[in-house]
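# Summary of structural features
Chain residues, written in single-letter form:
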Amino acid sequence: MSFDKYHLNLRNQFIRMKKDIKKILIVGPSWVGDMVMAQSLFIALKTQNPDVVIDVLAPSWSAPLLERMPEVNKAIDMPLGHGRLALSDRWKLGRVLIGIYDQAILLPNSFKSAIVPWAAKIPIRTGWKGEMRYGLLNDLRSLDKAIYTKTVQRFVALAYEKEAKFDIQYPRLSVERCSVELALKKFSLDSLSENKVLGLCPGAEFGPSKQWPAEHYANFAKEYIRRGWSVWLFGSTKDQVITQKINQLLDGEAI
């Protein structure tokens with residue numbers, strides 16, 4: 001058999017495998033904003049195959065968020081913190097997952113994120129090249145940042161064949177009324193605003209270097225206030241400085 005014919009047969013076998021995918025493991029991101037954007041990928045996968053089962057391997061903090069994404073079957077706790085290599089632990093976790101999944105899709109570009117799917121012997125392991133992941137991934141994509149300029153585009157592209165054109169669906173969390181009432185109680189609110197609400201989370205884990213300027217948030221908020229929306233600012237105690245600055249720029253218009 002010629003070299004070209006061998007690779008053509010291999011490619012056809014790979015395509016047949018992808019058509020039979022019934023269960024997918026997503027290796028999820030480590031940040032809230034990225035996890036929200038990941039729902040656009042989940043929607044794309046479900047649109048292509050409504051019967052596919054999607055599990056997400058992600059940090060424990062993301063479980064309540066994933067529970068509100070109807071496309072996700074379950075969240076699997078990744079017990080290793082962001083930045084920890086822990087190759088042995090990743091290997092052991094992967095071995096527990098052997099024989100369960102038909103495909104893994106990796107959203108992080110790190111070397112360590114590819115260990116679990118490889119150790120689990122998942123037949124199709126899809127992701128961007130990232131940190132030298134040759135051998136660990138067998139559906140390896142080359143990222144053209146001129147085409148995929150946004151993170152959400154890079155996520156959703158992994159649901160499709162290479163270079164395929166696609167539309168992006170906005171994330172849409174499914175929230176029960178009881179959860180809404182608990183949140184209102186937590187923020188000492190009697191009821192939701194009669195207006196539409198824009199929630200802004202201006203904080204960033206690494207501070208100003210990864211943070212959109214307060215002036216930009218304020219200008220964005222002003223536009224929605226002009227349209228009749230209410231604006232709510234969210235954050236932890238370390239985000240009080242930027243939220244206060246935004247509110248000052250809005251002259252106290254934000255709640």
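Up top is the structure.
### Focus: the nonpolar core
Ranked by size, the top nonpolar core spans 29 residues in total, and within it Ile26, Leu41 and Phe42 carry the most contacts. At the level of secondary structure, the elements contributing two or more residues to this core comprise strand 1 (23–27), helix 2 (32–48), strand 2 (53–58), helix 3 (63–66), strand 5 (124–128) and helix 6 (151–157). When residues of this core are assigned to their parent elements, the largest contribution, 6 residues, is made by helix 2. Once you skip the residues sitting within four places of it in the chain, Ile26 turns out to touch Leu41, Phe42, Leu45, Ile54, Asp55, Val56, Leu57, Ile105 and Leu107.

### Looking at the packing of aromatic side chains
The final tally for this structure, using the stated rule, is 9 aromatic pairs. Ring centres 5.6 Å apart and planes at 50 degrees place the aromatic pair Trp128 and Tyr148 in the tilted group. With Trp128 in strand 5 and Tyr148 in the loop between strand 6 (139–141) and helix 6, the pair connects residues that are 20 residues apart, well separated along the chain. On the basis of relative accessibility, which here comes to 6%, the residue Trp128 falls in the buried class.

### Brief notes about the side chain of Gln103
Mapped onto the elements of the fold, Gln103 is located in strand 4 (residues 103–106). Here the side chain of Gln103 touches Thr126 through a polar contact of 2.9 Å, side chain to side chain.

### Topic: unusual backbone geometry
In this structure, Lys121 takes a positive phi of about 55 degrees despite not being glycine. Mapping Lys121 onto the fold places it in the loop between helix 5 (115–119) and strand 5.

### Some points on the pairing of strand 1
Looking along a regular strand, one sees side chains alternate from face to face of the sheet. Burial within strand 1 is extensive, with 4 of its 5 residues counted as buried. Pairing of strand 1 with strand 2 involves 5 bridges; the strand directions are parallel. Bridge pairing in strand 2 places Leu25 opposite Asp55. Handedness of the crossover joining strand 1 and strand 2 through helix 2: right-handed. Across 4 bridges, strand 1 lies against strand 4 in parallel orientation. Directly across from Ile24, in strand 4, lies its bridge partner Gln103.

Definitions and limits used
- Residues numbered from 1 in each chain as written.
- Predicted model: local features only at pLDDT ≥ 70, side-chain atom pairs only at ≥ 80, totals over all residues.
- Heavy atoms only, no water.
- Core = buried A, V, L, I, M, F, W, Y, C linked by side-chain atoms within 4.5 Å.
- Buried < 20%, exposed > 50% of the residue type's maximum accessible area, 1.4 Å probe, protein only.
- Helix = DSSP H or I, 4+ residues; strand = E, 2+ residues; numbered from the N terminus.
- Contact = heavy atoms within 4.5 Å.
- Phe/Tyr/Trp six-rings, centres within 6.5 Å; stacked < 30°, edge-to-face > 60°.
- Polar contact = N/O pair within 3.5 Å; in protein donor to acceptor, adjacent residues only side chain to side chain.
- Pairing = 2+ DSSP bridges.
- Right-handed = clockwise from strand over helix to strand, strands pointing away.

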